[in-house]
Amino acid sequence: MTGELGELLLSHRQRRLVHEIRDHCTTAATADDVDADVGGPHSAELAAEVGARGWWNFTIDPRYGGARHAGGGFLDAALFAEEAFKAQLRIAGYIPTFIVVAALNMFGTAAQRADHFSRVVRGGVLAVSLTEPQAGSDIAAVDTRARLDDTGTHWVISGRKRWCSLANVADHILVFCRTAGESDRDGLSMIFVPRDADGLTIDPIRTPIPDLTCALTFDAVRVPRDALLGQEGAGFRQSVAGLNFERMIVAASSLGLAQRAFDDALAYVRERRQFGRPVGSFQAQQHRFAGLATELTKTRLLVHGVAAMMDDDPARSLPREASMAKLSATELAKRCALEGMQAMGANGYANEYGMERYLRAALGSTFFGGTSEIQRNIIAQTFGLRADN
(Lines give C-alpha, C1' and ligand atoms only; values in the text may rest on other atoms or scores of the structure.)
Protein backbone atom coordinates (compact mmCIF):
# COMPACT_ATOMS: atom_id res chain seq x y z
CA MET A 1 0.00 0.00 0.00
CA THR A 2 1.28 3.44 -0.94
CA GLY A 3 0.43 6.89 0.31
CA GLU A 4 0.59 8.59 3.69
CA LEU A 5 -0.51 6.99 6.95
CA GLY A 6 -3.48 9.35 7.09
CA GLU A 7 -4.76 7.79 3.85
CA LEU A 8 -4.58 4.25 5.24
CA LEU A 9 -8.37 3.72 5.24
CA LEU A 10 -8.95 5.14 1.75
CA SER A 11 -9.53 3.12 -1.40
CA HIS A 12 -7.71 3.99 -4.63
CA ARG A 13 -10.92 5.67 -5.83
CA GLN A 14 -11.09 7.78 -2.69
CA ARG A 15 -7.45 8.81 -2.95
CA ARG A 16 -8.08 10.01 -6.49
CA LEU A 17 -11.21 11.77 -5.25
CA VAL A 18 -9.23 13.59 -2.55
CA HIS A 19 -6.76 14.95 -5.12
CA GLU A 20 -9.59 16.00 -7.45
CA ILE A 21 -11.43 17.78 -4.63
CA ARG A 22 -8.20 19.35 -3.36
CA ASP A 23 -7.30 20.76 -6.76
CA HIS A 24 -10.79 22.20 -7.30
CA CYS A 25 -11.15 23.68 -3.80
CA THR A 26 -7.72 25.29 -3.89
CA THR A 27 -8.37 26.78 -7.33
CA ALA A 28 -11.91 27.90 -6.45
CA ALA A 29 -10.84 29.48 -3.16
CA THR A 30 -8.03 31.36 -4.93
CA ALA A 31 -10.34 32.56 -7.69
CA ASP A 32 -13.01 33.58 -5.17
CA ASP A 33 -10.51 35.78 -3.32
CA VAL A 34 -13.18 37.09 -0.92
CA ASP A 35 -12.50 37.23 2.81
CA ALA A 36 -15.26 35.40 4.70
CA ASP A 37 -15.41 38.36 7.07
CA VAL A 38 -16.45 40.53 4.11
CA GLY A 39 -18.30 38.19 1.78
CA GLY A 40 -19.81 35.94 4.42
CA PRO A 41 -19.09 32.30 5.26
CA HIS A 42 -21.28 30.93 2.45
CA SER A 43 -21.30 31.61 -1.28
CA ALA A 44 -24.28 30.25 -3.24
CA GLU A 45 -22.20 30.42 -6.41
CA LEU A 46 -19.42 28.26 -4.98
CA ALA A 47 -21.96 25.81 -3.55
CA ALA A 48 -23.61 25.51 -6.97
CA GLU A 49 -20.23 24.73 -8.55
CA VAL A 50 -19.66 21.99 -5.99
CA GLY A 51 -23.19 20.69 -6.55
CA ALA A 52 -22.58 20.47 -10.29
CA ARG A 53 -19.60 18.20 -9.58
CA GLY A 54 -21.71 15.92 -7.39
CA TRP A 55 -19.82 16.68 -4.18
CA TRP A 56 -22.70 18.39 -2.37
CA ASN A 57 -24.71 15.17 -2.40
CA PHE A 58 -22.50 12.18 -1.56
CA THR A 59 -25.17 10.84 0.79
CA ILE A 60 -28.19 11.35 -1.51
CA ASP A 61 -29.53 8.39 -3.48
CA PRO A 62 -29.07 8.62 -7.29
CA ARG A 63 -32.83 8.37 -7.82
CA TYR A 64 -33.03 11.85 -6.30
CA GLY A 65 -30.09 13.11 -8.34
CA GLY A 66 -27.46 12.31 -5.72
CA ALA A 67 -24.04 10.70 -5.92
CA ARG A 68 -24.38 8.04 -3.22
CA HIS A 69 -22.95 4.69 -4.26
CA ALA A 70 -23.15 1.15 -2.94
CA GLY A 71 -20.25 1.80 -0.56
CA GLY A 72 -22.15 4.44 1.37
CA GLY A 73 -20.88 7.98 0.87
CA PHE A 74 -20.14 9.15 4.41
CA LEU A 75 -16.38 8.81 4.12
CA ASP A 76 -16.55 10.58 0.75
CA ALA A 77 -18.50 13.41 2.40
CA ALA A 78 -15.95 13.61 5.22
CA LEU A 79 -13.11 13.82 2.70
CA PHE A 80 -14.86 16.63 0.88
CA ALA A 81 -15.52 18.57 4.09
CA GLU A 82 -11.91 18.15 5.18
CA GLU A 83 -10.51 19.47 1.90
CA ALA A 84 -13.06 22.27 1.47
CA PHE A 85 -12.48 23.67 4.95
CA LYS A 86 -8.73 23.29 4.60
CA ALA A 87 -8.95 25.41 1.45
CA GLN A 88 -11.21 27.87 3.32
CA LEU A 89 -13.83 27.59 0.60
CA ARG A 90 -16.84 29.71 1.58
CA ILE A 91 -19.41 26.92 1.77
CA ALA A 92 -20.30 26.80 5.45
CA GLY A 93 -23.82 25.73 4.49
CA TYR A 94 -22.52 22.26 3.71
CA ILE A 95 -22.47 21.23 7.38
CA PRO A 96 -26.12 21.90 8.35
CA THR A 97 -27.24 20.62 4.94
CA PHE A 98 -25.42 17.33 5.48
CA ILE A 99 -27.09 16.96 8.89
CA VAL A 100 -30.61 17.58 7.55
CA VAL A 101 -30.02 15.29 4.56
CA ALA A 102 -29.16 12.52 7.01
CA ALA A 103 -32.44 13.15 8.86
CA LEU A 104 -34.37 13.04 5.60
CA ASN A 105 -32.68 9.80 4.62
CA MET A 106 -33.69 8.22 7.91
CA PHE A 107 -37.16 9.67 8.50
CA GLY A 108 -38.36 11.55 5.43
CA THR A 109 -41.12 10.46 3.09
CA ALA A 110 -40.38 9.94 -0.60
CA ALA A 111 -42.18 13.19 -1.36
CA GLN A 112 -40.12 15.13 1.22
CA ARG A 113 -36.87 13.71 -0.13
CA ALA A 114 -37.77 14.49 -3.72
CA ASP A 115 -38.75 18.04 -2.80
CA HIS A 116 -35.76 18.99 -0.66
CA PHE A 117 -33.12 16.98 -2.49
CA SER A 118 -34.06 18.60 -5.81
CA ARG A 119 -32.55 21.83 -4.45
CA VAL A 120 -29.77 20.33 -2.39
CA VAL A 121 -28.18 18.53 -5.34
CA ARG A 122 -27.75 21.93 -7.00
CA GLY A 123 -25.97 23.35 -3.96
CA GLY A 124 -29.03 24.34 -1.95
CA VAL A 125 -28.79 24.80 1.82
CA LEU A 126 -30.90 23.34 4.63
CA ALA A 127 -30.62 24.47 8.26
CA VAL A 128 -31.54 22.88 11.57
CA SER A 129 -32.81 24.78 14.62
CA LEU A 130 -32.79 23.24 18.10
CA THR A 131 -31.25 25.68 20.58
CA GLU A 132 -33.40 28.20 22.45
CA PRO A 133 -32.65 30.88 25.05
CA GLN A 134 -33.22 28.27 27.79
CA ALA A 135 -32.55 25.04 25.87
CA GLY A 136 -29.25 23.83 24.48
CA SER A 137 -27.52 20.69 25.68
CA ASP A 138 -30.76 19.91 27.53
CA ILE A 139 -32.99 19.12 24.53
CA ALA A 140 -35.95 18.30 26.75
CA ALA A 141 -36.18 21.99 27.70
CA VAL A 142 -37.27 23.00 24.18
CA ASP A 143 -40.34 25.24 24.50
CA THR A 144 -41.10 26.41 20.94
CA ARG A 145 -44.67 25.20 20.42
CA ALA A 146 -46.37 23.67 17.41
CA ARG A 147 -50.08 22.86 17.38
CA LEU A 148 -52.49 21.78 14.69
CA ASP A 149 -55.05 24.40 13.69
CA ASP A 150 -58.78 23.81 13.96
CA THR A 151 -58.90 22.24 10.49
CA GLY A 152 -56.07 19.82 11.29
CA THR A 153 -54.31 20.75 8.05
CA HIS A 154 -51.58 23.10 9.28
CA TRP A 155 -49.09 23.39 12.11
CA VAL A 156 -49.00 26.74 13.89
CA ILE A 157 -45.57 27.42 15.41
CA SER A 158 -44.71 30.02 18.05
CA GLY A 159 -41.51 30.55 20.00
CA ARG A 160 -37.90 31.67 19.81
CA LYS A 161 -34.72 29.95 18.72
CA ARG A 162 -31.03 30.83 18.97
CA TRP A 163 -27.82 29.78 17.21
CA CYS A 164 -29.34 28.52 13.97
CA SER A 165 -26.39 28.37 11.58
CA LEU A 166 -26.99 29.62 8.03
CA ALA A 167 -30.74 30.11 8.52
CA ASN A 168 -30.34 33.33 6.54
CA VAL A 169 -29.38 31.43 3.36
CA ALA A 170 -31.25 28.14 3.83
CA ASP A 171 -34.22 27.15 1.68
CA HIS A 172 -35.89 25.44 4.65
CA ILE A 173 -35.17 25.13 8.36
CA LEU A 174 -35.79 21.90 10.28
CA VAL A 175 -37.23 23.15 13.58
CA PHE A 176 -37.43 21.22 16.85
CA CYS A 177 -40.84 21.97 18.36
CA ARG A 178 -42.88 20.84 21.31
CA THR A 179 -46.11 19.28 20.09
CA ALA A 180 -47.11 17.80 23.46
CA GLY A 181 -46.18 18.00 27.15
CA GLU A 182 -44.24 20.64 29.01
CA SER A 183 -40.63 19.59 29.55
CA ASP A 184 -40.15 15.97 28.62
CA ARG A 185 -38.48 14.26 25.70
CA ASP A 186 -41.57 12.50 24.39
CA GLY A 187 -43.40 15.61 23.20
CA LEU A 188 -40.82 16.88 20.69
CA SER A 189 -41.24 16.84 16.92
CA MET A 190 -39.32 18.02 13.85
CA ILE A 191 -41.07 20.31 11.35
CA PHE A 192 -39.78 21.95 8.16
CA VAL A 193 -40.35 25.70 7.85
CA PRO A 194 -39.53 27.70 4.68
CA ARG A 195 -37.14 30.57 5.26
CA ASP A 196 -39.67 33.01 3.77
CA ALA A 197 -42.66 31.80 5.82
CA ASP A 198 -45.04 34.49 7.04
CA GLY A 199 -44.46 35.21 10.72
CA LEU A 200 -40.83 33.99 10.74
CA THR A 201 -38.23 36.62 11.62
CA ILE A 202 -34.54 35.83 11.12
CA ASP A 203 -32.03 38.10 12.86
CA PRO A 204 -28.25 37.66 12.62
CA ILE A 205 -26.39 37.14 15.90
CA ARG A 206 -23.21 39.19 16.07
CA THR A 207 -20.30 36.80 16.55
CA PRO A 208 -16.58 36.79 15.64
CA ILE A 209 -17.67 35.19 12.33
CA PRO A 210 -20.20 37.54 10.67
CA ASP A 211 -23.45 36.14 9.18
CA LEU A 212 -22.82 32.61 10.44
CA THR A 213 -25.66 32.12 12.88
CA CYS A 214 -29.08 33.57 13.59
CA ALA A 215 -31.90 34.03 16.09
CA LEU A 216 -35.37 32.99 14.94
CA THR A 217 -38.76 34.24 16.09
CA PHE A 218 -41.88 32.28 15.18
CA ASP A 219 -45.07 34.31 15.45
CA ALA A 220 -47.92 31.91 14.62
CA VAL A 221 -46.03 30.55 11.61
CA ARG A 222 -48.24 28.23 9.56
CA VAL A 223 -46.89 25.26 7.59
CA PRO A 224 -48.72 22.26 6.08
CA ARG A 225 -49.26 19.21 8.25
CA ASP A 226 -47.03 17.14 5.96
CA ALA A 227 -44.07 19.38 6.87
CA LEU A 228 -43.63 17.09 9.90
CA LEU A 229 -40.48 14.95 9.57
CA GLY A 230 -40.91 11.42 10.87
CA GLN A 231 -43.32 10.73 13.69
CA GLU A 232 -45.08 13.27 15.88
CA GLY A 233 -43.52 13.21 19.35
CA ALA A 234 -40.46 11.26 18.17
CA GLY A 235 -38.18 14.26 17.73
CA PHE A 236 -35.85 13.40 20.59
CA ARG A 237 -35.32 9.83 19.41
CA GLN A 238 -34.82 11.04 15.85
CA SER A 239 -32.28 13.65 16.97
CA VAL A 240 -30.26 11.05 18.87
CA ALA A 241 -30.22 8.84 15.78
CA GLY A 242 -28.69 11.71 13.83
CA LEU A 243 -25.88 12.57 16.24
CA ASN A 244 -23.40 10.31 14.42
CA PHE A 245 -23.79 12.40 11.27
CA GLU A 246 -23.56 15.78 12.96
CA ARG A 247 -20.47 14.93 14.97
CA MET A 248 -18.71 13.23 12.07
CA ILE A 249 -19.16 16.13 9.65
CA VAL A 250 -18.16 18.74 12.26
CA ALA A 251 -15.09 16.61 13.03
CA ALA A 252 -14.14 16.37 9.34
CA SER A 253 -14.48 20.10 8.72
CA SER A 254 -12.53 20.88 11.90
CA LEU A 255 -9.79 18.50 10.82
CA GLY A 256 -9.49 20.46 7.58
CA LEU A 257 -9.29 23.72 9.54
CA ALA A 258 -6.62 22.25 11.82
CA GLN A 259 -4.56 21.19 8.82
CA ARG A 260 -4.85 24.64 7.27
CA ALA A 261 -3.64 26.33 10.46
CA PHE A 262 -0.75 23.87 10.67
CA ASP A 263 0.22 24.33 7.01
CA ASP A 264 0.17 28.12 7.16
CA ALA A 265 2.20 28.25 10.36
CA LEU A 266 4.69 25.71 9.03
CA ALA A 267 5.20 27.70 5.84
CA TYR A 268 5.77 30.82 7.94
CA VAL A 269 8.44 29.36 10.24
CA ARG A 270 10.26 27.91 7.26
CA GLU A 271 10.55 31.36 5.67
CA ARG A 272 10.80 33.69 8.67
CA ARG A 273 14.41 34.27 9.68
CA GLN A 274 15.80 35.50 12.99
CA PHE A 275 19.39 35.40 14.23
CA GLY A 276 20.48 34.43 10.73
CA ARG A 277 18.40 31.23 10.42
CA PRO A 278 14.79 30.10 9.83
CA VAL A 279 12.84 30.25 13.09
CA GLY A 280 11.60 26.73 12.33
CA SER A 281 15.11 25.44 12.93
CA PHE A 282 14.93 26.24 16.65
CA GLN A 283 14.13 23.26 18.83
CA ALA A 284 11.09 24.88 20.45
CA GLN A 285 9.48 25.21 17.03
CA GLN A 286 10.59 21.75 15.92
CA HIS A 287 8.90 20.16 18.92
CA ARG A 288 5.77 22.26 18.45
CA PHE A 289 5.25 21.08 14.86
CA ALA A 290 6.29 17.50 15.54
CA GLY A 291 3.60 17.25 18.21
CA LEU A 292 0.91 18.85 16.06
CA ALA A 293 1.74 16.65 13.06
CA THR A 294 1.42 13.55 15.22
CA GLU A 295 -1.97 14.66 16.53
CA LEU A 296 -3.18 15.48 13.02
CA THR A 297 -2.35 12.00 11.76
CA LYS A 298 -4.01 10.31 14.76
CA THR A 299 -7.12 12.44 14.45
CA ARG A 300 -7.37 11.89 10.68
CA LEU A 301 -7.36 8.12 11.20
CA LEU A 302 -10.04 8.46 13.88
CA VAL A 303 -12.33 10.67 11.77
CA HIS A 304 -11.92 8.52 8.67
CA GLY A 305 -12.50 5.40 10.76
CA VAL A 306 -15.78 6.69 12.17
CA ALA A 307 -16.99 7.69 8.70
CA ALA A 308 -16.07 4.23 7.38
CA MET A 309 -18.02 2.61 10.22
CA MET A 310 -21.03 4.71 9.25
CA ASP A 311 -20.70 3.52 5.66
CA ASP A 312 -20.65 -0.08 6.87
CA ASP A 313 -23.88 0.40 8.86
CA PRO A 314 -25.57 3.84 8.71
CA ALA A 315 -28.14 2.77 11.32
CA ARG A 316 -25.55 1.79 13.92
CA SER A 317 -25.28 4.09 16.91
CA LEU A 318 -21.71 5.24 17.55
CA PRO A 319 -21.92 7.50 20.61
CA ARG A 320 -18.40 6.77 21.80
CA GLU A 321 -16.62 6.89 18.47
CA ALA A 322 -18.51 9.87 17.03
CA SER A 323 -17.98 11.90 20.20
CA MET A 324 -14.29 10.98 20.24
CA ALA A 325 -13.93 12.18 16.65
CA LYS A 326 -15.76 15.45 17.30
CA LEU A 327 -13.88 16.12 20.53
CA SER A 328 -10.47 15.29 19.07
CA ALA A 329 -10.84 17.24 15.83
CA THR A 330 -12.38 20.41 17.26
CA GLU A 331 -9.93 20.65 20.14
CA LEU A 332 -7.07 20.00 17.72
CA ALA A 333 -8.27 22.79 15.41
CA LYS A 334 -8.23 25.14 18.39
CA ARG A 335 -4.76 23.98 19.41
CA CYS A 336 -3.32 24.25 15.89
CA ALA A 337 -4.64 27.80 15.55
CA LEU A 338 -3.35 28.83 18.97
CA GLU A 339 0.04 27.19 18.43
CA GLY A 340 0.18 28.66 14.94
CA MET A 341 -0.47 32.12 16.31
CA GLN A 342 2.24 31.64 18.93
CA ALA A 343 4.70 30.36 16.34
CA MET A 344 4.08 33.40 14.14
CA GLY A 345 4.27 35.91 16.98
CA ALA A 346 2.66 39.29 16.32
CA ASN A 347 2.06 38.40 12.67
CA GLY A 348 -0.17 35.54 13.80
CA TYR A 349 -2.36 38.14 15.48
CA ALA A 350 -2.69 40.22 12.31
CA ASN A 351 -5.73 39.92 10.04
CA GLU A 352 -3.63 39.70 6.90
CA TYR A 353 -2.23 36.27 7.81
CA GLY A 354 -5.53 34.55 8.57
CA MET A 355 -4.43 32.69 11.70
CA GLU A 356 -6.68 34.76 13.96
CA ARG A 357 -9.62 33.91 11.67
CA TYR A 358 -8.85 30.20 11.99
CA LEU A 359 -8.83 30.60 15.76
CA ARG A 360 -12.25 32.28 15.74
CA ALA A 361 -13.69 29.42 13.69
CA ALA A 362 -11.98 26.74 15.78
CA LEU A 363 -13.30 28.14 19.06
CA GLY A 364 -16.86 27.95 17.77
CA SER A 365 -16.44 24.34 16.67
CA THR A 366 -15.77 23.25 20.25
CA PHE A 367 -19.32 24.07 21.33
CA PHE A 368 -21.45 24.01 18.16
CA GLY A 369 -23.01 20.57 17.76
CA GLY A 370 -22.34 19.70 21.40
CA THR A 371 -19.66 21.19 23.64
CA SER A 372 -16.39 19.42 24.35
CA GLU A 373 -17.62 18.89 27.90
CA ILE A 374 -20.75 17.13 26.62
CA GLN A 375 -18.63 14.94 24.33
CA ARG A 376 -16.48 13.91 27.30
CA ASN A 377 -19.62 13.12 29.32
CA ILE A 378 -20.94 10.91 26.53
CA ILE A 379 -17.65 9.06 26.12
CA ALA A 380 -17.44 8.43 29.88
CA GLN A 381 -21.04 7.20 29.98
CA THR A 382 -20.32 4.57 27.32
CA PHE A 383 -17.94 3.05 29.88
CA GLY A 384 -20.66 2.98 32.52
CA LEU A 385 -19.43 6.12 34.29
CA ARG A 386 -22.74 7.89 34.85
CA ALA A 387 -23.53 10.67 37.29
CA ASP A 388 -26.54 8.75 38.63
CA ASN A 389 -24.53 5.62 39.52
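Residue numbers run consecutively from 1 along every chain, following the written order of its sequence. In view of the model being predicted, local features appear only for residues whose pLDDT reaches at least 70, and side-chain atom pairs are presented and counted only at 80 or more, with totals across whole chains, interfaces and linings using the full set of residues. Excluded from the side-chain calculation are hydrogens and water; included are all heavy atoms of the structure.

What follows covers a nonpolar patch on the surface. The grouping of Leu-5, Leu-8 and Leu-9 at the surface amounts to a nonpolar patch, some 260 Å² of accessible area in total. Going along the chain from the N terminus, every DSSP run of H or I of four or more residues is numbered as a helix, and every run of E of two or more is numbered as a strand. Tracing the chain through its elements places Leu-9 in the segment before α1 (12–32). Patch members must show over 30% relative accessible area and no salt bridge, and they are joined within 9 Å when carrying like charges or within 5 Å when they are nonpolar side chains of Val, Leu, Ile, Met, Phe, Trp or Tyr. Computed with a 1.4 Å probe, the accessible areas rest on the Shrake-Rupley method; for each residue, only the protein chains presented here act as cover. Here, a salt bridge means any side-chain nitrogen of Lys or Arg that lies within 4 Å of a carboxyl oxygen of Asp or Glu.

What follows deals with the state of the cysteines. The disulfide definition used here is simple: a pair of cysteine sulfur atoms within 2.5 Å. Applying the stated criterion to the full structure yields zero disulfides. Left unpaired, Cys-25 is separated from the closest cysteine sulfur, that of Cys-336, by 19 Å.

Considering the arrangement of structural elements, one finds Arg-90 in the loop between α4 (74–86) and α5 (94–107). Contacts are residue-level and defined by heavy atoms, with any inter-residue pair within 4.5 Å sufficient. Beyond its immediate stretch of four places on either side in the chain, Arg-90 contacts Asp-32, Val-34, Asp-35, Ala-36, Gly-39, Gly-40, Pro-41, His-42, Ser-43 and Leu-46.

It is worth spelling out the environment of Arg-225 at this point. Mapped onto the secondary structure, Arg-225 falls in the loop between β7 (213–224) and β8 (228–229). Burial classes follow relative accessibility: with a 1.4 Å probe on protein chains only, a residue under 20% of its type's maximum area counts as buried, one over 50% as exposed, and anything between as partly exposed. Judged by its relative accessible area of 43%, Arg-225 is partly exposed. Sequence separation of Arg-225 and Leu-148 is 77 residues, and the distance between their C-alpha atoms is 7.6 Å. Excluding residues that lie within four positions of it along the chain, Arg-225 makes contacts with Leu-148, Gly-152, Thr-153, His-154 and Trp-155.

On to the packing of α1 against α4. Interaxial angle, 0 to 180 degrees, is taken between N-to-C directions of lines fitted to C-alpha atoms, where a helix line uses only the stretch in contact. Look at α1 against α4: their axes get within 9 Å of each other, and the N-to-C directions meet at 30°. The orientation of α1 with respect to α4, classified from their angle, is roughly parallel. In this structure, α1 crosses over α4, and the sense of that crossing is right-handed. Residue-level inspection shows Arg-13, Gln-14, Leu-17, Val-18, Ile-21, Arg-22 and Cys-25 of α1 in contact with α4, the latter providing Leu-75, Asp-76, Leu-79, Phe-80, Glu-83, Ala-84 and Lys-86. Side-chain classes follow a simple rule in which Ala, Val, Leu, Ile, Met, Phe, Trp, Tyr, Cys and Pro form the nonpolar group, Asp, Glu, Lys and Arg form the charged group, and the remainder, Gly included, forms the polar group. Taken together, the residues that form the contact of α1 with α4 break down as eight nonpolar, one polar and five charged. Should an angle fall under 35 degrees it is taken as roughly parallel, and over 145 as roughly antiparallel, whereas 65 to 115 is taken as roughly perpendicular and any remaining angle as oblique. Each helix crossing is assigned a hand: it is left-handed if the near helix lies turned anticlockwise from the far helix by less than a right angle, otherwise right-handed if that turn is clockwise.

Quick look at the nonpolar core now. Definition of nonpolar core: a set of buried residues of the types Ala, Val, Leu, Ile, Met, Phe, Trp, Tyr and Cys, connected through side-chain atoms within 4.5 Å. Ranked by size, the top nonpolar core spans 113 residues in total, and within it Phe-80, Tyr-94, Ile-157, Ile-191 and Val-193 carry the most contacts. Broken down by element, this core gets its largest block of residues, 14 residues, from helix α8 (residues 243–271). With residues up to four places along the chain from it excluded, the contact list for Ile-191 reads Ala-146, Trp-155, Ile-157, Ile-173, Leu-174, Val-175, Cys-177, Val-223, Ala-227 and Leu-228.

Bringing helix α13 (residues 372–381) into the picture now. Given 3.6 residues per helical turn, the α-helix brings residues three or four places apart onto the same face. Within the span of α13, buried status applies to Ser-372, Gln-375, Ile-378 and Ile-379. Projection of α13 onto a plane perpendicular to its axis shows the buried side chains occupying an angular sector of 120°, all on one side. Buried residues in α13 make contact with α8 and α10 (319–344). It is the directions from the helix axis to the C-beta atoms whose arc is reported.

Another aspect to go through is the pattern of salt bridges. Counted under the stated rule, the structure contains 16 salt bridges. One salt bridge in this structure joins Asp-61 and Arg-63, with 3.3 Å as the shortest N-O distance. A single network of salt bridges, built from pairs that share partners, joins Arg-22, Glu-83 and Lys-86.

Looking now at the pairing of strand β2 (residues 145–148). With four bridges connecting them, β2 and strand β3 (residues 154–165) associate as antiparallel partners. If you follow Leu-148 over to β3, its bridge partner there is Trp-155. Hairpin connection of β2 to β3: five residues between the antiparallel strands, including Gly-152 at a positive phi of 75°. Between any two strands, pairing holds if DSSP finds at least two bridges.

Another point: the packing of α8 against helix α12 (residues 355–365). The N-to-C vectors of α8 and α12 enclose an angle of 155°; their axes lie 10 Å apart at closest approach. Of the possible angle classes, the one that applies to α8 and α12 is roughly antiparallel. α8 and α12 meet at a crossing whose hand is left-handed. Taking contact as the criterion, the partners of Val-250, Ser-254, Leu-257, Arg-260, Ala-261, Asp-264 and Ala-265 in α8 are, on α12, Met-355, Tyr-358, Ala-361, Ala-362 and Ser-365. Of the residues in the contact of α8 with α12, the class split is eight nonpolar, two polar and two charged.

This part is about the UniProt feature "domain: Acyl-CoA dehydrogenase/oxidase C-terminal" (unreviewed entry) in the protein chain. Residues annotated by UniProt as "domain: Acyl-CoA dehydrogenase/oxidase C-terminal" (unreviewed entry) correspond here to residues 233–382. Its end C-alpha atoms 26 Å apart, residues 233–382 is made of 78% helix and 3% strand. UniProt positions are given in the numbering used here, feature names are shortened, and annotations may be inferred rather than shown by experiment.

For the rest of this paragraph, the subject is the packing of aromatic side chains. Two aromatic rings, drawn from Phe, Tyr or Trp (for Trp, its six-membered ring), form a pair once their centres lie within 6.5 Å of each other, and the interplanar angle then sorts them: stacked below 30 degrees, edge-to-face above 60, tilted otherwise. Applying the stated criterion to the full structure yields eleven aromatic pairs. Judged by centre distance (6.3 Å) and plane angle (45°), the rings of Trp-55 and Phe-80 are tilted. In this pair, Trp-55 sits in the loop between α3 (44–52) and α4 while Phe-80 sits in helix α4, placing the two residues 25 residues apart along the sequence. There is no split in this pair, since Trp-55 and Phe-80 are both buried. The interplanar angle of 75° and the centroid separation of 5.2 Å between the aromatic rings of Phe-367 and Phe-368 together place this pair among those described as edge-to-face. On the basis of relative accessible area, Phe-367 is assigned to the partly exposed category, the value being 45%. According to the relative accessible area criterion, Phe-368 is partly exposed, its value standing at 28%. One aromatic cluster in this structure is built from Trp-55, Trp-56, Phe-74, Phe-80, Tyr-94, Phe-98 and Phe-245. Here, over-ring charges are defined by two tests on the NZ atom of lysine or the CZ atom of arginine: distance to the ring centre within 6 Å, and angle to the ring normal within 35 degrees. Directly above the aromatic system of Trp-163 lies the positively charged group of Arg-162, at a separation of 5.3 Å from the ring centroid. It is Arg-277 that lies over the ring of Phe-282; its NZ or CZ is 4.0 Å from the centre.

What follows concerns the domain arrangement of the protein chain. The domain architecture assigned to the protein chain consists of domain 1 (5–124), domain 2 (127–232) and domain 3 (236–383). What counts as a domain boundary in this text is fixed by an automatic or database domain assignment. Domain 1 and domain 3 are separated by 20 Å when their C-alpha centres are compared. Listed as interface residues are 29 residues of domain 1 and, on the opposing side, 29 residues of domain 3. Between domain 1 and domain 3 we count two salt bridges in total. Glu-82 is the partner of Arg-300 in a salt bridge, and the nearest nitrogen-oxygen pair spans 2.7 Å. Of all elements in the fold, only α4 and α5 reach the threshold of two or more residues within the side of domain 1 that touches domain 3.

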